[in-house]
Amino acid sequence: MTAGTDLALARVRQLIRLTEDLTDRLINETRAFEARRPQDVVEGMAETQEMANAYRRESAQVKANPEILAGAPLGDRMALIAATQAFEAVLARHGRAVEAARIVSEGLVRAIAEEMAAARPPASAYGATGRAAEGDGRAVTLNRTA
């Protein structure tokens, strides 16, 4: 093997490892979301983000210069393609689970805000005695985006 082939092989194997590790991480996060336990994901979010950023950088470099992997053996390049396809399938499932969790969370926040608003006395400038009505001092803000 030449130095270029060794470098390409090392790069392909590094990308396979990164892709498989990120895929495994997203599988675990998806399971947590589907089990309605998003709190289980919070602790590892920073590491997932770092891995995703590394994957994005590496993918951009390969896309900009595919020749960096051309010297790797065909079997290793095919393994990278298979790992990437598995990652994309898991990523799509993960996206659906995250979106469902977001919708549920926003629905809960909206329901709580509406319940609080309904519990407030109606706004009126003056009470039956002619004195200014005392209002509820609680403030609620509902932002419709997460």
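Keep in mind it's a predicted model, so treat the numbers as computed, not measured.

Digging into a nonpolar patch on the surface
Link 1 in the chain: Together, L74, M78 and I81 make up a nonpolar patch on the protein surface, roughly 300 Å² of accessible area in all.
Link 2 in the chain: Its location among the elements puts M78 in helix 5 (residues 74-119).
Link 3 in the chain: Residue class for M78 comes out partly exposed when judged on its relative accessible area of 47%.

Digging into the pattern of salt bridges
Link 1 in the chain: Considering all chains together, one arrives at 7 salt bridges under this definition.
Link 2 in the chain: In this structure, D40 engages R37 in a salt bridge whose closest nitrogen and oxygen atoms are separated by 2.8 Å.
Link 3 in the chain: On the basis of relative accessibility, which here comes to 40%, the residue R37 falls in the partly exposed class.
Link 4 in the chain: Salt-bridge contacts for E106 lead to R102; the nearest nitrogen and oxygen are separated by 2.8 Å. Here the residue E106 and the residue R102 both occupy positions in helix 5, the gap between them amounting to 4 residues, near one helical turn.
Link 5 in the chain: Judged by relative accessible area, E106 falls into the buried class, the value being 14%.
Link 6 in the chain: Residue R102 is classed as partly exposed on the basis of its relative accessible area of 30%.
Link 7 in the chain: The structure contains a network of salt bridges with shared partners spanning E99, R102 and E106.

A short note on the packing of aromatic side chains
Link 1 in the chain: Using the criterion set out here, one finds 1 aromatic pair in the structure.
Link 2 in the chain: Between Y55 and F87 the ring centres are 4.6 Å apart and the planes differ by 50 degrees, which places this aromatic pair in the tilted class. Of this pair, Y55 sits in helix 3 (residues 45-64) while F87 sits in helix 5, and the two are 32 residues apart along the sequence. No difference in accessibility class separates Y55 from F87, as the two residues are buried.

Notes on the packing of helix 1 (residues 3-34) against helix 3
Link 1 in the chain: Put simply, helix 1 and helix 3 touch, their axes get as near as 10 Å, and they point 140 degrees apart. For the crossing formed where helix 1 meets helix 3, the hand is left-handed. For the pair helix 1 and helix 3, the contacting residues are R11, Q14, L15, L18, T19, D21, L22, R25, L26 and E29 in the first and E47, T48, M51, A52, A54, Y55, E58, Q61 and V62 in the second.
Link 2 in the chain: Considered class by class, the residues forming the contact of helix 1 with helix 3 number 9 nonpolar, 4 polar and 6 charged.

Some remarks on the confidence of the model for the chain
Link 1 in the chain: A residue-level look at the chain finds 83% of positions with pLDDT of 70 or above and a mean pLDDT of 86.
Link 2 in the chain: Per-element averaging of pLDDT across the chain places helix 2 (residues 39-42) at the bottom with 90 and helix 3 at the top with 95.

What about the side chain of T48?
Link 1 in the chain: Relative to the assigned elements, T48 resides in helix 3.
Link 2 in the chain: Within the structure, T48 has its side chain in polar contact with the side chain of R25 (distance 2.5 Å).
Link 3 in the chain: Leave out the neighbours within four places in its chain, and T48 touches L22, R25, L26 and E29.

What counts and how
Residues numbered from 1 in each chain as written. Predicted model: local features only at pLDDT ≥ 70, side-chain atom pairs only at ≥ 80, totals over all residues. Heavy atoms only, no water. Patch = residues over 30% accessible without salt bridge, like charges linked within 9 Å, V, L, I, M, F, W, Y side chains within 5 Å. Areas by Shrake-Rupley, 256 points an atom, 1.4 Å probe, with all protein chains shown as cover. Salt bridge = Lys/Arg side-chain N within 4 Å of Asp/Glu carboxyl O. Helix = DSSP H or I, 4+ residues; strand = E, 2+ residues; numbered from the N terminus. Buried < 20%, exposed > 50% of the residue type's maximum accessible area, 1.4 Å probe, protein only. Phe/Tyr/Trp six-rings, centres within 6.5 Å; stacked < 30°, edge-to-face > 60°. Axes fitted to C-alpha atoms, helices over the stretch in contact; angles between N-to-C directions. Left-handed = near helix turned anticlockwise from the far one by under 90°. Contact = heavy atoms within 4.5 Å. Nonpolar A, V, L, I, M, F, W, Y, C, P; charged D, E, K, R; others polar. pLDDT = per-residue confidence, 0-100. Polar contact = N/O pair within 3.5 Å; in protein donor to acceptor, adjacent residues only side chain to side chain.

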